[in-house]
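The residues making up each chain are set out below.
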Amino acid sequence: MKNPVPRQLPSGNWFCRVRVDGKDIGITEPTEERCFARALAYKTGILESKKTPLNMTLREACNDYIDKRRGICSATTIESYEKNRDQHFSSIMDKRLKDIDESALQKAITLECTRKSRRGGTLSPATINDRVAFIKTVMRTAGAQIDSSRIITPEKKRRIVRIPMPPDVISAIRGTDIELPCLLAAWLSLSMSEIRGLTKSKSIYNGQLYVMETVVRVKGRDVRKEGGKEEERTRVFDIPPYIQALIDQVDGDVLVPMTGKQIYGRFRKAIQAAGLPPMTFHQLRHLNASAMAMLGVQKEIAQERGGWKTDYTMNRVYTHTFAPERKAADATINAYFESLLPPQNGNASATDS
């Protein structure tokens, strides 16, 4: 009999998969020794591997669901699953699936609605709905039947967000050490993880910017991974001359060698110093979308530039977006943002050559 070999996960836990009676069993433990011992116990029959699915606890079902997706889903996705398991629905997490009916799940959802977030407020409806969706998926995958029509979740409310006018935002960050990341977000609609993943060696070729990698935060550590934040965000931009001039001033290969926390903090201070309403860095992407709408950019092209994941984009963008139209839209957007960047302190901008 071949002994199981545990491997360490990025989280620090140890994982091993054994096959018993034609069934794969995933095992996750905090130490290599415990992982090996438990795997060997299953392999030798000391532990029973044929536990009926509905006799599993919800926590065990979550473990099984997560373990089967390690190495397939992204590290950030796995981390979000683990947070769902460890930080939410504690009232039912150790109950057996057969004992969790619609009433029990509804009570657990109600408790989640009263929980306080780390900032002292209640969890948002969007957060709770995401957590409920995960729990229902885990239960359904394990064979538990839940009538979703009988489950009530908090209604998502549309928030009214005040975003300053583009000229005011551009003026606030002009000449600061975060001008480049801010323009990459407001001008090209890149996310923070995409901006931090940009390098001269991999992201720039023949005057174009490629979203080839992202840097994400997993278990408190920065992790560089291939591809955009979403598959649909692997996109390409002609680099505007002004942004290229800022890139040329960067020492080293990484375009924005700052942590996300540093960028967020400096952006908030710049906005506050300019006397503008509070604004998150992510809202620079909202500003970009608003600017494109104001300029009359075709909806499909706007969604392509922004990389927004919608069914409409997936089904329509490749049949309705044509290269000449995209080039014209890019030129319109570039001309608009370049008009907001007049020469400063006697130095001509990169567009004045």
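(A) Seen up close, the state of the cysteines. Within the structure shown, the criterion is met by zero disulfides. With no disulfide of its own, C35 lies 5.1 Å from the sulfur of C16, the closest cysteine sulfur.

(B) Looking closely at the packing of helix α7 (residues 179-186) against helix α10 (residues 241-248). It is at 10 Å that the axes of α7 and α10 come closest, and there the two elements cross at 150°. Here α7 runs over α10; the crossing is left-handed. Residues E179, L180, L183 and L184 of α7 form the contact with α10, whose own contacting residues are Y242, I243, L246 and I247. Class assignment for the residues of the contact of α7 with α10 results in seven nonpolar, no polar and one charged.

(C) Highlighting the packing of helix α2 (residues 58-67) against helix α3 (residues 75-87). Packing of α2 against α3 brings their axes to within 10 Å, and their N-to-C directions diverge by 175°. The angle between the axes of α2 and α3 places the two elements in the roughly antiparallel class. Residues R59, C62, N63, Y65 and I66 of α2 form the contact with α3, whose participating residues are I78, Y81, E82, R85 and D86. In terms of residue class, the contact of α2 with α3 is made up of five nonpolar, one polar and four charged.

(D) Spotlight on the sheet that holds strand β5 (residues 208-210). In spatial order, the strands read β4-β5-β8; together these three strands make up an open sheet with antiparallel pairing. Both edges of this open sheet fall to β4 (204-205) and β8 (236-238), since each of them pairs with a single strand only. Looking at chain direction, β4 and β5 are connected through two bridges and run antiparallel. Following the sheet pairing, I204 is matched in β5 by L209.

(E) Highlighting the packing of aromatic side chains. Going through the model one piece at a time under the given rule, you end up with seven aromatic pairs. Between Y65 and F134 the ring centres are 5.8 Å apart and the planes differ by 85°, which places this aromatic pair in the edge-to-face class. Linking Y65 in helix α2 with F134 in helix α5 (residues 125-141), this pair joins segments that are 69 residues apart in sequence. Each member of the pair, Y65 together with F134, is buried. Seen in terms of ring centroids, W187 and F337 are 5.4 Å apart; in terms of plane orientation they differ by 20°. Their pairing is stacked. Taken together, the positions of W187 in the loop between α7 and α8 (192-196) and F337 in helix α15 (residues 323-339) put the pair 150 residues apart, joining distant regions of the chain.

Conventions used here
Position numbers for residues count from 1 along each chain, tracking the sequence in the order it is written. Per-residue local features are limited, in this predicted model, to residues with pLDDT of at least 70; the limit for side-chain atom pairs, both in listing and counting, is 80 or more; totals at the level of whole chains, interfaces and linings are taken over all residues. No hydrogens and no water enter the side-chain calculation; it runs on all heavy atoms of the structure. Note on terminology: disulfide denotes any pair of cysteine sulfur atoms within 2.5 Å. Fitted lines through C-alpha atoms give the axes, limited to the stretch in contact for helices. The angle between two N-to-C directions lies from 0 to 180 degrees. Put simply, DSSP marks the helices as runs of H or I at least four residues long and the strands as runs of E at least two long, and each gets a number from the N terminus on. When the near helix sits turned anticlockwise from the far one by under a right angle, the crossing is termed left-handed; a clockwise turn instead gives a right-handed crossing. We call two residues in contact whenever any of their non-hydrogen atoms come within 4.5 Å of each other. The residue classification treats Ala, Val, Leu, Ile, Met, Phe, Trp, Tyr, Cys and Pro as nonpolar and Asp, Glu, Lys and Arg as charged. All others, Gly included, are polar. Convention used here: angles under 35 degrees read as roughly parallel, angles over 145 as roughly antiparallel, angles from 65 to 115 as roughly perpendicular, and any remaining angle as oblique. By the convention used here, strands pair only if DSSP detects at least 2 bridges between them. Two aromatic rings, drawn from Phe, Tyr or Trp (for Trp, its six-membered ring), form a pair once their centres lie within 6.5 Å of each other, and the interplanar angle then sorts them: stacked below 30 degrees, edge-to-face above 60, tilted otherwise. Think of it in three bands: residues with accessible area under 20% of the maximum for their type are buried, residues over 50% are exposed, and the middle band is partly exposed, with areas taken using a 1.4 Å probe on protein chains only.

On their own, these measurements won't tell you what the molecule is for.
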